[in-house]
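Single-letter residue listing:
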Amino acid sequence: MKNFLYLFIAVFSISATAQLQSPEAFLGYEIGAQFTRHADVVNYFEHVAENSAMVTYAEYGKTNERRPLTYAIVSTPENLANIETIRKNNLINARLETGSANPEVAIVWLSYNVHGNEASSTEAAMATVYELITKKQAWLENTVVIIDPCVNPDGRDRYANWYNQVKSTPYDVLQTAAEHNEPWPGGRPNHYLFDLNRDWAWATQVESQQRLKIYNQWMPHIHVDFHEQGINEPYYFAPAAEPFHEVITDFQRSFQTDIGKNHAKYFDQEGWLFFTRERFDLLYPSYGDTYPTFMGAIGMTYEQAGHGRAGLGINTDEGFVLTLKDRAAHHTTTGLSTVEMGSKNATKLNTEFKKFFINSDIEYKSYVLKGNPDKLKALTNLLDKHDIKYGFSDGGNVNGFNYSQNKNASMDATGALVVSATQPKGKMVKALFEPDAKLSDPLTYDITAWSIPHAYGLDAVASKTTVAANGRNPYVKEINQVYAGAAGYLVKWNSMSDARFLAELLQNDIKVRFSEKDLSFEGKTFDKGTLVITKSDNRSNIEFAATVTKIANKHERKLHASNTSFSDNRTDFGSPDIKLINKQRIAMLRGDGVSSLSFGSLWHFFEQDLKYPVTNIDTGDFSAASLKNFDILVLPSGWYGSKLNDEAIDGIKDWVRNGGKIIAMAGAVRSFAGKDGFDLNQNKAAEDDDEKKEESKGNLTPYDQRERENVKDLITGSIYKTTLDASHPMAFGYGDSYYSLKLGGTSYQFLENGYNVGYIKGAPETVSGFSGVDAKEGLTDSMTFGEARMGSGSIIYFVDDVMFRSFWENGKLLFVNSLFFVNNNRFTL
Ligand SMILES: [Zn+2]
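Calculation rules
Residues numbered from 1 in each chain as written. Predicted model: local features only at pLDDT ≥ 70, side-chain atom pairs only at ≥ 80, totals over all residues. Heavy atoms only, no water. Helix = DSSP H or I, 4+ residues; strand = E, 2+ residues; numbered from the N terminus. Rg over C-alpha atoms; globule rule 2.2 N^0.38 Å. Contact = heavy atoms within 4.5 Å. Areas by Shrake-Rupley, 256 points an atom, 1.4 Å probe, with all protein chains shown as cover. Lys, Arg positive; Asp, Glu negative; His and termini not counted. Charge placed at Lys NZ, Arg CZ, Asp CG, Glu CD. Core = buried A, V, L, I, M, F, W, Y, C linked by side-chain atoms within 4.5 Å. Buried < 20%, exposed > 50% of the residue type's maximum accessible area, 1.4 Å probe, protein only. Pairing = 2+ DSSP bridges. Axes fitted to C-alpha atoms, helices over the stretch in contact; angles between N-to-C directions. 1 Å grid on protein atoms, 1.4 Å probe; cavity = no way out; pocket = protein on both sides within 12 Å on 5 of 7 lines; lining within 4 Å. Points joined across faces, edges and corners; volume = space filled by probe spheres on them. Phe/Tyr/Trp six-rings, centres within 6.5 Å; stacked < 30°, edge-to-face > 60°. Lys NZ or Arg CZ within 6 Å of the ring centre and 35° of its normal. Parallel < 35°, antiparallel > 145°, perpendicular 65-115°, else oblique. Nonpolar A, V, L, I, M, F, W, Y, C, P; charged D, E, K, R; others polar. Donors = N, O, S within 2.8 Å, 3.2 Å for Na, K, Ca; no water. Tetrahedral: all angles 85-135°; square planar, octahedral: opposite > 155°, others 65-115°. Salt bridge = Lys/Arg side-chain N within 4 Å of Asp/Glu carboxyl O.

Caption draft 1: Geometry of the overall build of the protein. Each helix and strand counted, the protein has 24 helices and 34 strands in total. Against the compact-globule benchmark of 28 Å for 829 residues, the protein has a radius of gyration of 29 Å, which places it among compact chains. In terms of its C-alpha atoms, the protein occupies a principal-axis envelope of roughly 85 × 65 × 65 Å. For the protein, the share of sequence-separated contacts (at least 6 apart) that also reach a separation of at least 24 residues comes to 79%. In the form shown here, the protein has an accessible surface area of approximately 33,200 Å², with 49% of it arising from carbon and sulfur atoms. Once the 84 positive and 102 negative side-chain charges of the protein are each reduced to a mean point, those two points are 5 Å apart.

Set out below in structure tokens:
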């Protein structure tokens, strides 16, 4: 038995060094002959790591659907033996760790398949690792290559499994074939239908959160994000298009070009077409190219023709057959060419990397932020995800650009959060916090404003001098003791932490009220929106005090116990102005006609942020009759057209008149415009403009200027100041103004009979970002958030999508208010 065991070990270890297989040998098919399931991709990388001394492979997390997120580290055995030192020396070089080092090893990070249905790149990842360790070992002597074979496994498998199920054998190249037409929502996004290539900076998704942990431990010199574009556009690689963000250095620009020219050499050899310097710009900080760029890397985007349409092979409009084999070959070529450039320029990359992190000449040296402690906490949680350092001021006035006044003014900095832009990651700090990103060209791929102070609802000053941060964090973790003697508890209402507390109370069948009046009990005052949890409402629950206290402590909420229901100011606990909050039963539409991104952001919000149940109903299964078991219908942004035809609208109206509540987001608002009973009309200026265009008999805009001319109608994500009616329950927890992220020029008149909760009166005031002249003018006298009443029910309009990419933290409470506070006079039977 013993001998047998030795024999077994000996055989096993011989086979371990001798049996490295190519992807084709391991998988049983050539790369590009089949879409590989994610589990098989993981199996192949495990096989490579077991059979090569040049690869280690590890899991860095799990997706929502429990697929592993993984990365391989590829280098020589000598480098791998020394890998911790290499990694640390790189951080020392960037001053992110202390010590001395003079590193000369290039670190190249290849990220594949962030968009699940751009599925050729994960196939290329397998070919690339095999090529590197069997043919390109020389490059690895001074280079560490990190391969993330699939950034978005849930999306990739959604696409690959669907494709493998419907494809013909042999594959059908006709564009109309089923295998070229993905069903809703497609494989591009992750489980919650987020675009992970917009999530790097906000890190709202588990994939981003877990990836950033290892990314920040490594801080590569080159980062590549592999994508696919339309089937007719051959191949794009950086150098990128304008606008470039101004933090990008001359070296980063020129090295992008050097890498691009190296790719061009290989593509020209093979006779493959490509384009560069068009379309894909470097401004919005949350992409897989900009984020690494603002963190010191050369951030590269590669786009292969293909996408969710292409399958294993498809006819292009130009008459070629585009195949998965070719797509994977192109991505393999650029991946390898990038590693080659890293290796050839390792020393230069390291010296330039070091320089990038010196930020002594940055204009605004400190950002000082003040406001609700929960909001500051939410922001420090974000900074922690990026390993950005911060401190707190111990007092005094700071001068500089004041965000809420939109001009230079001072602010009392006592207890304020201070984020320094002179720290090594200062360029990212600038990109995230600066009042207004400089725009060299308004034709950008994405939104042009994201200023953190407005997104988090904080007062802020950008200071040109360094502000000391020696103070204490003012956030207090509340710990309440169980006190059964109270007639009730009051909890202030300001933040998502308060909202999560409420959601959990309702889930635990605790009866909760909210106040429509300012309150005063036992000498303490409370603003409108304050939660009131009374002994009277919960007298049948003997665990009441213990349960409320436990939940409050979990959410770090301060319970203000009052021994009496008798107020100091006439609004007692039993007042009709302190209303019971219903445990709302919420339905939401998904499926055809619904924006998958908007639906996904709300779905994620309910399940992962608010933690309150929602029932998702497919548009194909929806009718007004489906609403009888619900109090609220949420309509994500979308193009409802036939789904909300006259018959459907009539049915919905009956439900609303009987007390139902519709919450319509962004594009869904349009479905009610001009319809009887909804009190909603598009703004006249915008309407006139549309008519003008339709009536126009001619257009003398020169051919090559049309794109520029269209810019006048564009708002590509910019920040506007809106006025709030602070007395309306939808605005509880806010002041009398709100900075809103506008994503388009669609504009509605003030509601005539309903409540205009958020609006722009007179000419609009842009705070940040690009707006075309015509689009901006069209926002004059327009409603942003509103409530129209119908019978006992309501329709709530969110013209601006407060859930967009889930990063506008300060808008989320408006949505929660509309769920639980607005028109709350119906009692659940
Ligand atoms: Zn993509």
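Caption draft 2: Geometry of the nonpolar core. Counting residues in each nonpolar core, the largest one holds 216 residues, and the members touching the most others are Ile147, Leu610 and Phe815. Sequence-distant contacts of Leu610, that is, excluding residues within four places in its chain, are made with Met496, Ala499, Arg500, Ala503, Phe605, Val816, Leu819 and Phe820.

Caption draft 3: Quick look at the environment of Asp199. You can see Asp199 is positioned in the loop between helix 8 (153-166) and helix 9 (206-218). A relative accessible area of 1% means that Asp199 is categorised as buried. Counting along the chain gives 608 residues from Asp199 to Phe807, while the straight-line C-alpha distance between them is 8.8 Å. If we ignore the near neighbours within four places in the chain, the residues touching Asp199 are Thr204, Gln205, Ser208 and Ser286.

Caption draft 4: Examining the sheet that holds strand 23 (residues 560-562) more closely. Within the open sheet, the five strands sit side by side as 23-18-22-19-24. Their pairing is antiparallel. Looking along the sheet, the strands with just one partner apiece sit at the ends: strand 23 and strand 24 (578-580). Mean inter-strand twist for the sheet, computed between neighbouring axes without regard to direction, equals 30°. When strand 18 (residues 488-491) meets strand 23, the two strands line up antiparallel, connected through three bridges. Of the residues in strand 23, the one forming a bridge with Gly488 is Ser562.

Caption draft 5: Seen up close, empty space enclosed by the protein. A full pass over the atoms with the stated rule returns two cavities of 30 Å³ or more. Within this model, the second largest cavity holds a volume of roughly 40 Å³. What lines the second largest cavity is Phe244, Ile248, Gln252, Arg253, Gln256, Leu282, Thr293, Ile298 and Gly299. Residue contributions to the lining of the second largest cavity peak at three residues, all from helix 10 (residues 250-270).

Caption draft 6: Representation of the sheet that holds strand 1 (residues 55-62) in the model. Taken in spatial order, the seven strands make up an open sheet running 1-2-4-3-5-9-6, and their pairing is mixed. The open sheet terminates on both sides in strands that have one partner only, identified here as strand 1 and strand 6 (235-237). Averaged over all pairs of adjacent strands, the angle between their axes in this sheet comes to 15°, without regard to strand direction. Taken together, the seven bridges between strand 1 and strand 2 (residues 68-74) define a ladder with antiparallel strand orientation. The residue bridging Gly61 from the neighbouring strand is Leu69, located in strand 2.

Caption draft 7: The arrangement of the packing of aromatic side chains in detail. Tallied over the full model, the rule gives 54 aromatic pairs. With 4.9 Å between their ring centres and 50° between their planes, Trp493 and Phe821 make a pair best called tilted. Taken together, the positions of Trp493 in the loop between strand 18 and helix 17 (496-507) and Phe821 in the segment after helix 24 (812-820) put the pair 328 residues apart, joining distant regions of the chain. Grouping residues by exposure puts Trp493 and Phe821 together as buried. The side chain of Arg211 reaches across the aromatic face of Trp200, ending 4.2 Å from its centre. Of note, Lys375 hangs over the ring of Tyr734, and the distance from its end group to the ring centre comes to 5.7 Å.

Caption draft 8: Broad picture of the packing of helix 3 (residues 38-51) against helix 6 (residues 120-134). For the pair helix 3 and helix 6, the least separation of the axes is 11 Å and the interaxial angle reads 10°. When the axes of helix 3 and helix 6 are compared, the pair comes out roughly parallel. Contact residues: helix 3 offers Val41, Tyr44, Phe45 and Val48, while helix 6 offers Thr122, Ala125, Met126, Val129, Tyr130 and Ile133. Looking at the contact of helix 3 with helix 6 residue by residue, the classes come out as nine nonpolar, one polar and no charged.

Caption draft 9: Inspection of the pairing of strand 34 (residues 793-798) at higher detail. In terms of burial, strand 34 is a largely internal element, six of the six residues being buried. Across the two faces of strand 34 the burial is the same, with Gly793, Ile795 and Tyr797 and Ser794, Ile796 and Phe798 all buried. In terms of strand pairing, strand 28 (residues 661-665) meets strand 34 through five bridges, oriented parallel. Across the sheet, residue Ile663 finds its bridge partner in strand 34, namely Ile796. Inspection of the sheet shows strand 33 (residues 782-790) paired to strand 34 by six bridges, in the antiparallel sense. From the neighbouring strand, Met790 faces strand 34, where its bridge partner is Gly793.

Caption draft 10: How the structure looks around the coordination of the zinc ion. Protein-derived coordination of the zinc ion comes from His115 (ND1), Glu118 (OE), Glu118 (OE) and His227 (ND1), at a distance range of 2.0 to 2.5 Å. Geometry at the zinc ion is irregular, judged from its four donor atoms and the angles of 57 to 157° they form at the metal. All donors to the zinc ion come from one chain, and their sequence spacing reads H-x2-E-x108-H. Here Glu118, found in the loop between strand 3 (106-111) and helix 6, pairs with His227, found in strand 5 (residues 222-229); they are 109 residues apart in sequence, far enough to count as distant. Taken as a pair, Glu118 and His227 share a single burial class, namely buried.

Caption draft 11: Inspection of the pattern of salt bridges at higher detail. Inspection of the entire model under this criterion finds 38 salt bridges. Notably, a salt bridge pairs Glu246 with Lys430, separated by 3.1 Å at the nearest N-O pair. Of this pair, Glu246 sits in the loop between strand 7 (241-244) and helix 10 while Lys430 sits in helix 15 (residues 426-433), and the two are 184 residues apart along the sequence. Glu246 gets classed as partly exposed once you look at its relative accessible area, which sits at 37%. Residue Lys742 pairs with Asp800 through a salt bridge whose shortest N-O separation is 2.9 Å. Within this pair, whereas Lys742 is found in strand 30 (residues 737-742), its partner Asp800 is found in the loop between strand 34 and helix 24, the two being separated by 58 residues in sequence. Asp800 carries the same exposure label as Lys742, and that label is buried.

Caption draft 12: Broad picture of unusual backbone geometry. Of note, the amide linkage connecting Thr169 to Pro170 takes the cis form, showing an omega dihedral of -10°. For Pro170, the position within the fold is in the loop between helix 8 and helix 9. Backbone geometry places His307, a non-glycine residue, at a positive phi of 75°. Structurally, His307 is set in the loop between strand 9 (298-305) and strand 10 (313-315). With a phi close to 50°, Asp781 is a non-glycine residue in the positive phi region. Within the secondary structure, Asp781 is located in the loop between helix 23 (773-777) and strand 33. By relative accessible area, Asp781 is classed as partly exposed at 30%.

These figures come from the coordinates and say nothing about function on their own.
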